[in-house]
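Listed below, chain by chain, are the residues.
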Amino acid sequence: MQLTNIGVIKDLFERHGFSFTKSLGQNFLINPAVCPKIAELGGCKSGVCALEIGTGVGVLTQELAKRCDKVVAVEIDTGLKPILEETLADFDNVEVVFADVMETDLKSLIAEKFGNSEVVVCANLPYYITSPVIMRVLEERLPVKALTVMVQKEAADRICAKPGTRDCGALSCGVSYYSDPKMLFKVNRGSFMPSPNVDSAVIRLDIKQENDLDVKDEKLFFRIIRAAFSQRRKQIINPLSGELSISKADLAEVFDKSGIKQTARAEELTLAQYSALCTNILSLR
Ligand code: SAM
């Protein structure tokens with residue numbers, strides 16, 4: 001069944017009485033080149049299991065299932081159930097879990113369904129939970145090798161921006177701390193049904209198996225980063241002083257000790273420099 005064919009999709013919808021729910025970010029892929037590419041570049045192959053978030057009619061699910069040992073997909077919309085029973089009928093290595101991914105214990109799900117196999121996450125993410133899903137996978141340190149996701153183009157640019165460069169933000173710092181992000185390819189808005197107002201891009205986050213930074217206190221490290229970017233046009237010392245209730249004079253010493261100029265702004269610092277700030281702030285206590 002050619003699930004990128006508009007006629008096939010419309011027929012499925014009509015027979016099963018399905019209609020799009022815009023608030024769930026339901027823009028389904030109809031460009032036949034995209035899903036095989038996500039599966040290939042996402043590392044789907046024999047010996048690997050895939051976790052998908054948001055099946056739609058199963059267009060990406062099929063490509064993952066063709067290549068991986070096993071696919072588990074989490075989909076919130078139970079209205080897609082009869083459609084998926086039809087579109088995935090030929091695959092005995094796919095299981096769809098109908099649940100809200102944000103309410104799902106993904107660590108337990110991965111352990112239960114995949115055991116010790118190598119796991120990748122592949123998804124065309126609903127735009128309204130792009131960052132929370134990505135940050136959950138990273139912060140919960142889920143045992144996955146890589147996360148290959150389609151997101152809005154602007155979000156992809158922000159996520160992939162390197163700390164210490166103009167476009168970076170708190171999100172890019174978080175992503176770069178846990179992974180090596182790569183922009184894979186762009187996907188224009190005409191590749192979806194219905195067509196969204198913006199273009200998209202597929203990115204891959206290769207999870208760091210070991211962290212090269214020696215962060216002494218992760219909670220404080222991320223608090224510093226969030227405070228710094230909360231007023232990105234200001235010199236970091238100002239928001240940091242307020243957030244941590246440390247005098248600017250003490251912070252000035254911390255900056256000197258860390259080899260960072262006192263006038264630095266959030267986007268100028270690398271993760272190693274944020275880590276140095278964290279270490280030297282801890283030594284004040
Ligand atoms: N993978 C399909 C494709 O590429 O055509 C569908 C992608 S569509 C952008 C996003 C999918 O995520 C929809 O099927 C939507 O119902 C599902 N979804 C939205 N919110 C979700 C949530 N909180 N948990 C699980 N699935 C969700």
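Whatever comes next refers back to the structure up there.
1. A look at the overall build of the protein chain
- Assigned secondary structure in the protein chain consists of 12 helices and 9 strands.
- By the burial criterion, 51% of the 285 residues in the protein chain qualify as buried.
- Here the analysis covers contacts within the protein chain between residues at least 6 apart in sequence; of these, 69% occur between residues at least 24 apart.
- On the protein chain, roughly 13200 Å² of surface is accessible, and the fraction owed to carbon and sulfur atoms is 47%.
- Seen as two clouds, the 35 positive and the 37 negative side-chain charges of the protein chain have centres 7 Å apart.

2. A closer look at the sheet that holds strand β9 (residues 200-207)
- Read across the sheet, 7 strands follow the order β4-β3-β2-β5-β6-β9-β7 without closing on themselves; strand pairing throughout is mixed. Both outer strands of the open sheet, β4 (94-98) and β7 (179-187), are each paired with one neighbouring strand and no more. Recorded for the sheet is a direction-independent mean angle of 20° between the axes of neighbouring strands.
- Judged from the 5 bridges that link them, strand β3 (residues 70-75) and β4 form a sheet pairing that is parallel. Paired with Glu75 across the bridge in β4 is Phe98.
- Across the sheet, helix α6 (residues 130-139) lies against β2 (48-53), β6 (146-152), β7 and β9, angled at about 170° from β6, the strand it touches most.

3. With respect to the packing of aromatic side chains
- As enumerated under the stated definition, the model contains 13 aromatic pairs in all.
- Ring geometry for Phe13 versus Phe28: centroids 6.3 Å apart, planes at 75°, classification edge-to-face. One end of the pair, Phe13, is in helix α1 (residues 6-16); the other, Phe28, is in strand β1 (residues 28-29), and 15 residues separate them in sequence.
- A residue is classified by how much of its surface remains accessible, and Phe28, at 8% relative accessible area, is buried.
- Between Tyr177 and Tyr178 the ring centres are 4.9 Å apart and the planes differ by 80°, which places this aromatic pair in the edge-to-face class.

4. Let's talk about the environment of Ser200
- Among the secondary structure elements, Ser200 is positioned in strand β9.
- The sequence separation of Ser200 and Gln152 amounts to 48 residues, and the corresponding C-alpha distance is 4.2 Å.
- Sequence-distant contacts of Ser200, that is, excluding residues within four places in its chain, are made with Met150, Val151, Gln152, Lys153, Lys186, Val187 and Phe192.

5. As for the site of the ligand
- Close contacts around the ligand come from 23 residues, with Leu29, Glu75, Asp100, Asn124 and Tyr128 the closest.
- Within the contact set of the ligand, an oxygen atom lies 2.9 Å away from a side-chain nitrogen or oxygen of Gln26.
- A distance of 3.1 Å separates an oxygen atom of the ligand from a polar atom in the backbone of Gly56.
- Protein chains shield 99% of the accessible area of the ligand, which is 600 Å² for the free molecule.
- At a threshold of 2 Å from the grid points, most atoms of the ligand map onto the largest pocket.
- Taken together, the elements giving at least two residues each to the shell around the ligand come down to β1 and β3.

6. Description of a nonpolar patch on the surface
- A grouping of Ile76, Tyr127 and Tyr128 is seen on the molecular surface, where their side chains present a nonpolar patch of about 280 Å² in accessible area.
- Along the polypeptide, Tyr128 turns up in the loop between β5 (118-124) and α6.
- According to the relative accessible area criterion, Tyr128 is partly exposed, its value standing at 37%.

7. Details of the side chain of Glu52
- Within the secondary structure, Glu52 is located in strand β2.
- At 12 Å, Arg67 is the nearest oppositely charged side chain to Glu52, a buried residue that forms no salt bridge.
- Those residues within four positions of Glu52 in sequence are excluded, and the remaining contacts are Leu60, Thr61, Leu64, Val72, Ala73, Val74, Cys122 and Ala123.

Thresholds, definitions, all that
- Throughout this description, residue numbers start from 1 for each chain and increase along the sequence as written.
- A pLDDT threshold of at least 70 governs which residues receive local features in this predicted model, and a stricter bar of 80 or more applies before side-chain atom pairs are shown or counted, although totals over entire chains, interfaces and linings include all residues.
- With hydrogens and water stripped out, all remaining heavy atoms of the structure feed into the side-chain values.
- Going along the chain from the N terminus, every DSSP run of H or I of four or more residues is numbered as a helix, and every run of E of two or more is numbered as a strand.
- When a residue's accessible area, from a 1.4 Å probe over protein chains only, is under 20% of the maximum for its type it is buried; when over 50% it is exposed; and in between it is partly exposed.
- Residues count as neighbours in contact if any of their non-hydrogen atoms are within 4.5 Å of one another.
- Areas reported as accessible are Shrake-Rupley estimates using a 1.4 Å probe. Residue values count occlusion only from the protein chains shown.
- We count Lys and Arg on the positive side and Asp and Glu on the negative side, and we leave His and both chain ends out.
- Charge positions come from single atoms, namely NZ of Lys, CZ of Arg, CG of Asp or CD of Glu.
- In this scheme, strands are said to pair when DSSP sees at least two bridges between them.
- Axis lines are fitted to C-alpha atoms, over the contacting stretch for helices. Their N-to-C directions set the angle, which ranges from 0 to 180 degrees.
- Aromatic pairing here means that ring centres of Phe, Tyr or Trp (its six-membered ring) are within 6.5 Å. Orientation follows from the plane angle: under 30 degrees is stacked, over 60 is edge-to-face, and everything else is tilted.
- Only heavy atoms are used to decide nearness, and a residue is near a molecule or strand if one of them lies within 4 Å of it.
- Definition of a polar contact: a pair of N or O atoms within 3.5 Å, with one able to donate and the other able to accept a hydrogen when the atoms are protein atoms, and with sequence-neighbouring residues admitted only if both atoms are side-chain atoms.
- Here a cavity means grid points, on a 1 Å grid over the protein atoms only, where a 1.4 Å probe fits yet cannot get out; a pocket means an open set of points with protein on both sides within 12 Å along at least five of seven lines; lining residues are those with an atom within 4 Å of a point.
- Pocket or cavity membership: a molecule qualifies when more than half of its atoms sit within 2 Å of the grid points of that site.
- Residues enter patches when they are more than 30% accessible in relative terms and free of salt bridges; like-charged ones are connected within 9 Å and nonpolar ones (Val, Leu, Ile, Met, Phe, Trp, Tyr) within 5 Å.
- One speaks of a salt bridge when a side-chain nitrogen belonging to Lys or Arg is within 4 Å of a carboxyl oxygen belonging to Asp or Glu.

By themselves, these observations are geometric and do not establish any function.
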